[in-house]
Amino acid sequence: MFESPTIAEFLAQSNLASTLPATLLLAWTLLLVLVDLFAGEEREHWTPIAACLGLGLSFLANVFVYSPAAAEQVALYGMFVADAFTGFLNAVILVATFIAVLMSRDYLKRAEIHRGEFYILALISSAGAMFMVGANDLIIVFVALELLSIPLYILAAFRSIKNDGSDLALKSEESGMKYFILGAFSSAFLVFGAALVYGATGTTSIPQIFEIAGSIVGATSSAAFYLLVGVALLIVGLGFKVAVVPFHMWTPDVYEGAPTPVTAFMSVTAKIGGFAALLRVLITGLSVLVLADSEVAVWQATATLIAILTLILGNFVAISQRNLKRMLAYSSIAHAGYIMVAVAAAGSAVIANAATQGALVYMMAYMFTNLGAFAVVMSIERVDGSGGNIDDLNGLAQSRPLMAMAMTIFMLSLTGVPLTAGFVGKFMIFSAAVQAGLFGLAVIGVLTSVVSAFYYIRVVVNMYLRDHEGELIPALETRYVRLAINVALAGTLVFGIFYPLATNLVSMVSIA
Amino acid sequence: MDVTGLSLTTITLFLPIVGLAILLFMNGETHRGSLKWVAFATSIVTFVASVLMWINFDPGSAELQMVQRNTWAEITLGESVINVSYFVGVDGISMLLVLLTTFIMPIAILGSFGSHIFEERGREKLYYIFLMLLEWSMIGVFVVHDLIIFYVFWEVTLVPMYFLIGIWGSEDRIYAAVKFFLYTMAGSILMLIAILYVGNRSGTFSTYSAGGDVGVIERVQTFDGEGTYWDALGPEGEDTGFLLNSVESFLFLGFLIAFAIKVPIFPFHSWLPDAHVQAPTAGSVILAGVLLKMGTYGIVRFNLNLFPEATVAWAPTIAFLGVVGIIYGAWVSYAQDNVKKLVAYSSVSHLGFVVVGIFALNAQGLQGATLQMVNHGISTGGLFLIVGMLYERWHTKEMADYGGVWKAMPLFGAISLVISLSSMGLPGLNGFIGEFTILLGSLGSDYLGFAFTLFATLGVILAAVYLLKMFQHVFMGELRNPLSSEDGYTLAWYEKAAYIPIIIMVFWMGLQPIVFFNLLDVSVDKIVALFVR
C-alpha cells in the first residue's frame with residue numbers, strides 16, 4: 001500500500017529549501033535552548049542576542065527564497081506554498097518579532113522575570129506564524145495555528161513565574177488561562193470546520209478544495225450543506241484568533257494582563273497568522289463558493305457583517321477606555337475590522353488580489369505602528385504595573401520629547417492620516433471595497449476612522465497639551481527600547497511617505 | 001510636452017520644507033533668537049518664488065502652467081491600473097491663491113515676533129516648524145492636480161493647525177483643537193471615498209490632462225454618451241436611493257461636505273468660532289486668511305469641474321445656504337461681546353458671499369468669488385492681527401474693556417479703520433470689488449433668482465453694522481483702561497511692517513482690480529463654459 005519513497009523523491013517532494021525561513025527559525029530555537037542552558041547567569045544577554053541573530057538569518061533566507069523573480073513553489077508534499085504572499089508576510093513577522101525581542105529584555109529584567117525561555121517561545125511562535133502564512137492545507141493551518149498559539153499562552157502568563165502572589169502575577173496568570181481556554185475552544189471550531197469541509201470535498205488541500213467546491217455548491221446535496229457549515233466554522237475558529245466581533249471577548253482582558261511586550265507581540269503575530277490563513281482558505285480555496293444568480297462568494301456577506309460589527313464595536317468601546325493597554329486592545333479589534341473590510345472585498349473575484357494586497361500592506365502598517373505604540377506604553381509603565389493610564393501621558397512632550405513625537409506619529413498612523421503607513425493601508429483597503437461595490441462598508445469604515453481619531457487624538461492631547469502633575473514617571477527608555485521605537489517609527493514613516501514602496505512589495509502577490 | 005522636469009511650482013512648494021529642515025537642525029534653546037528669522041526668511045523667499053511664478057504666468061492661456069507630472073505609484077485594482085502621480089501646476093485661480101498663501105505667511109510670522117505666548121508656553125522651535133509645515137501643505141492644496149496627493153495635502157494641513165491651536169491657544173484650547181480636528185476630518189474622509197470612486201471608475205486620479213494622459217475633468221467634459229459620465233460608469237441598474245437618485249449627485253456631496261465644513265458653509269460652521277477664538281494670532285490669521293479658502297477653492301476646482309450636472313442641480317440649495325450664512329453670520333457677529341468672536345463670525349458671513357458667487361455659475365460670479373477669497377484673506381487676516389495686537393497689550397478680548405484706543409494709538413487706529421472699511425466693502429477698497437462683482441454675478445445668473453441678490457445685499461449692510469459697532473466700542477470714546485506704561489502704546493517695527501503690505505494690497509486691489517481680474521479671466525471662462533445655457 002505505502003511505498004517508501006526514495007531519498008531523492010523525498011527531497012524533491014518536500015522541497016525544504018522553500019520552507020527555509022520558517023524551518024531555519026524553528027531549528028534555531030533548538031540551538032537557542034542550548035545557548036540559554038550553557039550561557040549561565042552572568043551571560044544571560046546571550047539568548048536575546050542569539051535570538052536576534054536567528055531572526056536575521058531567517059530574514060536573509062527569506063530574501064533569497066522569495067526574491068521577486070522566484071516562481072511560486074509548493075513544498076512538504078504540496079502542503080506548504082512558497083509564493084510572494086508567504087514571503088512578504090514572513091518578512092513582516094520577522095520584523096515584528098525582532099522589535100518585540102528588542103522591547104522585551106529590559107522590561108523583563110526590571111520586572112525580574114527575565115528568562116531565556118521567553119525568547120525561545122517567542123521564536124517558536126513566530127515560526128508557527130510563518131508556517132501558517134504558507135499553509136496550503138487545512139491540516140497545516142491547524143498545526144501551525146497550534147504552534148503559533150501554545151507559546152503565546154505561556155508567554156501571556158509569563159509574569160506568574162515570579163510567584164509572589166502579587167496582583168500583576170495573578171492578572172498575568174488569568175490572562176494566560178483565559179487565552180488558553182478560549183484558544184482551545186476556537187481550535188475545536190476550526191478542526192470541526194476542517195473536518196466538515198473534508199467530509200464534503202474529500203480533501204484538505206486548499207487548491208483541491210477550490211477545484212471540487214465549485215461543483216458541490218451548484219448541486220443541491222447534503223455535501224453543499226456540510227461545506228457551508230464547515231466554512232462557517234472555519235471563519236468562527238479563525239475569527240477568534242484575529243479577534244473580530246463577536247469573537248473578541250477575550251482580547252481586552254488578555255491584552256491587559258499579559259506582560260506588555262507579549263501583548264505587543266501577540267497583537268501582531270497572531271493576527272497576521274490568522275488573517276493569512278483566513279485569506280488563503282477563503283480566497284484560494286473557497287472563492288468558487290458562489291450561489292446561483294450572484295457574482296460574489298457566499299462568505300462576502302458574512303465577512304461584511306463581521307467587519308461592520310467589528311469596526312463599530314472596536315472603535316466605540318475604545319473611546320471609553322482609560323487604560324492604554326485596554327484602549328490599544330480595542331483599537332486592535334477595530335483594526336482587525338479594517339482588515340476584514342479587505343477580506344469582504346476579496347469576495348468579488350476580480351479584485352480578490354487587489355484586496356489581498358491591501359490587507360497585506362495594512363498588516364505591515366499595523367505591525368510597525370502598533371508595536372511602536374506598545375513600546376511607548378511599555379516604557380512609561382511603572383514597575384508595579386501602574387502608570388499605564390491615559391492620564392499618565394500628560395506632559396510627556398516636555399519630559400520625553402522624542403518619545404512623544406514618536407507616539408504622535410503612531411497615533412496619526414493608526415488614525416490613518418496621510419504620510420504615515422496607516423494611511424497607505426487604509427487607502428488600499430477602501431479602494432478595494434469601493435471597487436467591489438461595497439459602498440456602505442467603505443462609508444462605515446471611514447466614519448469609524450473619525451471615531452477612532454477621537455481616542456487616538458486624546459493621547460496626543462494629553463502628551464502635548466496638558467501638563468504633568470505630580471512626580472515624573474521614570475520611563476524605561478533604554479537603548480534597546482529606543483531602538484525598537486525607532487525601527488517602528490522608521491517603518492511607519494518610510495512606508496507612509498514613499499507610497500510606491502509598499503505597493504511594489506506586494507505587487508506580485510496573487511493568491512486567487 | 002515634457003512635463004517631468006523640475007518646475008517653478010515644485011520649487012515654490014518645497015521651499016517651506018527647506019526652512020523646516022533648517023529649523024529642525026537648530027537648537028531650540030541656544031539659537032532661540034534666530035528661529036523666527038529663519039522662518040521669516042523662508043516665507044519671504046517662498047513669496048519671492050511665487051512672485052516669479054506670477055511673472056512667468058501667461059494670463060492668456062487656459063492651460064495649466066509650470067506643470068510637472070511624475071508618476072508616483074501604480075495601483076492595480078482588478079483589471080485596471082490606476083496611476084497616482086505627483087502632478088503640480090497652476091492656472092489663474094491657483095496662482096492667485098498661491099500668492100495669497102505666500103503673502104499671508106510672512107505677515108503671520110511677523111505677527112508672532114513679539115508674542116507673549118512663548119514666554120508662557122515655550123517651544124518656539126516647534127511653533128515655527130508647524131508654521132512651515134502648514135505653509136507647505138497649503139501651497140500643496142492649491143497646486144496639485146492629482147486627487148490622492150490633493151487629499152494628502154488636505155489632511156496634512158490639519159496636523160500643524162491642530163497643534164498651533166492646541167499648544168499655543170487660549171484657555172479652552174484643547175476643546176477647540178479637538179473639535180477642529182474631528183470636525184474637519186469627518187468631512188474630508190467622506191471625500192476620500194468619493195475620490196476613490198472617481199479614481200476607480202474613471203481610471204485615473206489626475207484631474208487635468210498632461211503628458212499624454214487624459215485627466216478626469218477632460219473625460220467628464222468630453223463625454224457624449226447617454227446621461228452623464230458618472231451615471232454611465234455607475235453601478236448598472238442599481239437604484240442608489242440617494243437624493244436626486246444619481247451617482248453623480250452622491251459624489252458631488254462627498255466632495256462638497258468636506259469643503260463645506262472647511263469654508264464653513266452654514267450649518268457646518270460651529271467649529272470655526274471656537275477655533276478662531278482659541279487660536280494664537282498667527283493661527284487665526286492663517287486660518288481666516290488661507291485655510292478657509294481651501295474649501296471654496298476645492299468647490300471651484302473639483303465640484304464644478306467634475307460634476308457639472310450635479311452642480312446645476314444643487315446650485316440653488318447651496319447658494320441658499322450661502323445666503324443664510326451671510327445673514328446669520330452677520331447677525332450673530334453683531335451680538336458678540338468678544339472681539340475675536342465677532343471677527344470669526346464675520347468670516348462666516350463673508351464666505352457666504354463667496355459661496356453665492358461660485359454657485360451663480362457665471363463669469364462675474366466666479367471671478368468675484370475668487371477675488372473675494374483673496375480680499376477676505378487680506379482684510380480678515382488684518383482684522384485678526386489687530387485683535388492680536390490689542391490682546392498683547394490689554395490681555396482681554398471683551399469689547400467692554402476697550403474704548404478710546406484711537407486716542408492712545410492714533411496710527412494703529414487709522415490702520416484699523418482702513419482695514420475695517422475694507423472688510424465692510426467700502427468702494428475704492430478691495431472688499432467692494434469682490435462683493436460687488438459677486439452681487440452682479442448673482443443678479444445675472446441663470447440659476448439663481450433675484451431674491452438671492454436681494455438678501456445677499458442685506459449682508460453688505462449688516463457687515464457695516466457689526467464692524468462699525470466693533471470699531472466704535474474699541475477705538476472711539478474715552479480711553480477706558482490705560483496701560484501701566486506709555487511704551488505699550490507704540491507699535492513695534494515688526495507690527496508696523498506687518499500692516500504695510502496689507503494696506504498696500506487693500507488699496508491696490510481696490511483701485512486697480514483689473515490686474516487681478518486679468519489673471520482669472522481665461523481660467524474662469526473655461527469653467528463657466530460648462531454652465532452656459
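The structure we're discussing is the one just above.
Note that the structure is a prediction, hence the values are computed from the model and not measured. (Residues numbered from 1 in each chain as written. Chains lettered and ligands numbered in written order. Predicted model: local features only at pLDDT ≥ 70, side-chain atom pairs only at ≥ 80, totals over all residues. Heavy atoms only, no water.)

A. The arrangement of the overall build of chain A in detail. When helices and strands are tallied, chain A shows 20 helices and two strands. Scaling as 2.2 N^0.38, a compact globule of 512 residues should have a C-alpha radius of gyration of about 24 Å, and chain A matches this with 22 Å. C-alpha extents for chain A along the principal axes are approximately 70 × 55 × 45 Å. Residues counted as buried form 62% of the 512 residues belonging to chain A. Taking the intrachain contacts of chain A between residues at least 6 apart in sequence as the baseline, contacts between residues at least 24 apart amount to 81%. Summed over its atoms, the accessible surface of chain A is roughly 17,900 Å², and 68% of this surface lies on carbon and sulfur atoms. Mean positive and mean negative side-chain charge positions of chain A (22 and 30 charges, respectively) differ by 9 Å. (Helix = DSSP H or I, 4+ residues; strand = E, 2+ residues; numbered from the N terminus. Rg over C-alpha atoms; globule rule 2.2 N^0.38 Å. Buried < 20%, exposed > 50% of the residue type's maximum accessible area, 1.4 Å probe, protein only. Contact = heavy atoms within 4.5 Å. Areas by Shrake-Rupley, 256 points an atom, 1.4 Å probe, with all protein chains shown as cover. Lys, Arg positive; Asp, Glu negative; His and termini not counted. Charge placed at Lys NZ, Arg CZ, Asp CG, Glu CD.)

B. Spotlight on the interface of chain B and chain A. With 38 residues of chain B in contact, the opposing surface of chain A contributes 39 residues. A combined buried area of about 3,400 Å² lies between chain B and chain A, and 79% of that area is made up of carbon and sulfur atoms. Connecting chain B to chain A are one residue pair in polar contact (both at pLDDT 80 or more). Residue assignment for the side of chain B that touches chain A shows that the elements contributing at least two residues are strand 1 (65-77), helix 5 (124-143), helix 6 (147-156), helix 7 (158-168) and helix 8 (173-202) of chain B. (Buried area = accessible area lost by both parts, 1.4 Å probe. Polar contact = N/O pair within 3.5 Å; in protein donor to acceptor, adjacent residues only side chain to side chain.)

C. Just the packing of aromatic side chains, in detail. What the rule picks out here adds up to 61 aromatic pairs over all chains. A centroid spacing of 6.1 Å and a plane angle of 25° characterise the contact between F255 of chain B and F302 of chain B, whose relative ring orientation is stacked. Taken as a pair, F255 of chain B in helix 11 (residues 247-262) and F302 of chain B in helix 13 (residues 281-306) lie far apart in primary sequence, 47 residues in all. Here the two residues F255 of chain B and F302 of chain B agree in accessibility, since each one is buried. Look at W508 of chain B and F516 of chain B: their rings are 5.2 Å apart centre to centre, the planes differ by 70°, and that puts the pair in the edge-to-face class. On the accessibility criterion, F516 of chain B (4% relative accessible area) is buried. Put simply, the rings of Y464 of chain A together with Y127, Y128, F130, Y162, F163, W168 and F181 of chain B touch in pairs and so form one group of aromatic residues. The ring of Y480 of chain A is capped by R479 of chain A, whose NZ or CZ atom sits 5.5 Å from the centre of that ring. Above the ring of Y391 of chain B, the side-chain terminus of K397 of chain B is found at 5.0 Å from the ring centroid. (Phe/Tyr/Trp six-rings, centres within 6.5 Å; stacked < 30°, edge-to-face > 60°. Lys NZ or Arg CZ within 6 Å of the ring centre and 35° of its normal.)

D. Just the environment of V198 of chain B, in detail. All names here are of chain B. Note on placement: V198 falls in helix 8. On a C-alpha basis, the gap between V198 and L147 in space is 9.0 Å, while along the polypeptide they are 51 residues apart. Ignoring anything within four residues of it in the chain, the contact list for V198 reads L147, G203, T204, V216, W230, L251, F255 and F307.

E. Expanded view of the layout of surface pockets. In this structure, the largest pocket encloses a volume near 1,700 Å³. Around the largest pocket, the lining is made up of 49 residues, and of these M405 and I409 of chain A together with L20, I129 and L133 of chain B lie nearest the centre. With seven residues, helix 5 of chain B is the single largest residue contributor to the lining of the largest pocket. Residue composition of the lining of the largest pocket, by class: 38 nonpolar, six polar and five charged. (1 Å grid on protein atoms, 1.4 Å probe; cavity = no way out; pocket = protein on both sides within 12 Å on 5 of 7 lines; lining within 4 Å. Points joined across faces, edges and corners; volume = space filled by probe spheres on them. Nonpolar A, V, L, I, M, F, W, Y, C, P; charged D, E, K, R; others polar.)

F. The arrangement of a nonpolar patch on the surface in detail. Residue and element names in this part refer to chain B. A surface patch of nonpolar side chains, about 780 Å² in accessible area, is lined by Y334, L443, F450, L454, F455, L458, I461 and V465. By the secondary structure assignment, F455 is in helix 20 (residues 450-475). For F455, a relative accessible area of 39% puts it in the partly exposed group. (Patch = residues over 30% accessible without salt bridge, like charges linked within 9 Å, V, L, I, M, F, W, Y side chains within 5 Å. Salt bridge = Lys/Arg side-chain N within 4 Å of Asp/Glu carboxyl O.)

G. Representation of the side chain of K340 of chain B in the model. Examined against the element boundaries, K340 of chain B turns out to sit in helix 15 (residues 339-359). Put simply, K340 of chain B is tucked away with no salt bridge, and the nearest opposite charge, on E392 of chain B, sits 9.2 Å away.

H. Spatial organisation of helix 17 (residues 421-435) of chain A. Residue and element names in this part refer to chain A. Spanning 15 residues, helix 17 covers 21 Å between terminal C-alpha atoms, matching the ideal 21 Å at 1.5 Å per step. Within helix 17, 14 of the 15 residues are buried, leaving the element largely enclosed by the surrounding structure. Positive phi appears at G437, one or two residues downstream of helix 17, with a value of about 85°. (Expected span 1.5 Å × (residues − 1).)

I. Region of interest: the pattern of salt bridges. Enumeration over the complete set of coordinates arrives at 14 salt bridges over all chains. A salt bridge links K179 of chain B to D274 of chain B, with the shortest nitrogen-to-oxygen separation between them at 2.9 Å. Of this pair, K179 of chain B sits in helix 8 while D274 of chain B is found in helix 12 (residues 271-278), placing the two residues 95 residues apart along the sequence. Among the ionic contacts, a cluster of salt bridges with common partners joins K171, E174, K178, D253, E256 and R326 of chain A.

J. Main features of the side chain of T201 of chain A. Residue and element names in this part refer to chain A. Position of T201 relative to the elements: it lies in helix 7 (residues 167-201). According to the relative accessible area criterion, T201 is buried, its value standing at 8%. Separated by 2.8 Å, the side chain of T201 and the backbone oxygen of V197 make a polar contact. Leave out the neighbours within four places in its chain, and T201 touches I209, I212, I216 and L227.

K. Broad picture of the nonpolar core. Formed by 406 residues in total, the largest nonpolar core has its most connected members in F255 and F359 of chain B. Per-element tally for this core: the top contributor is helix 14 (residues 352-380) of chain A, with 21 residues. Residue contacts for F255 of chain B: discarding those within four places in its chain leaves L147, M191, A194, I195, V198, F302, N303, L306 and F307 of chain B. (Core = buried A, V, L, I, M, F, W, Y, C linked by side-chain atoms within 4.5 Å.)

L. Region of the structure containing the packing of helix 7 of chain A against helix 9 (residues 222-242) of chain A. Residues and elements named next belong to chain A. Two numbers describe how helix 7 lies on helix 9: the axes approach to 7 Å, and their chain directions differ by 155°. Our classification of the angle between helix 7 and helix 9 gives roughly antiparallel. Considering the relative orientation of helix 7 and helix 9, their crossing is left-handed. Looking at side-chain class alone, the contact of helix 7 with helix 9 contains 19 nonpolar, six polar and one charged residues. (Axes fitted to C-alpha atoms, helices over the stretch in contact; angles between N-to-C directions. Parallel < 35°, antiparallel > 145°, perpendicular 65-115°, else oblique. Left-handed = near helix turned anticlockwise from the far one by under 90°.)

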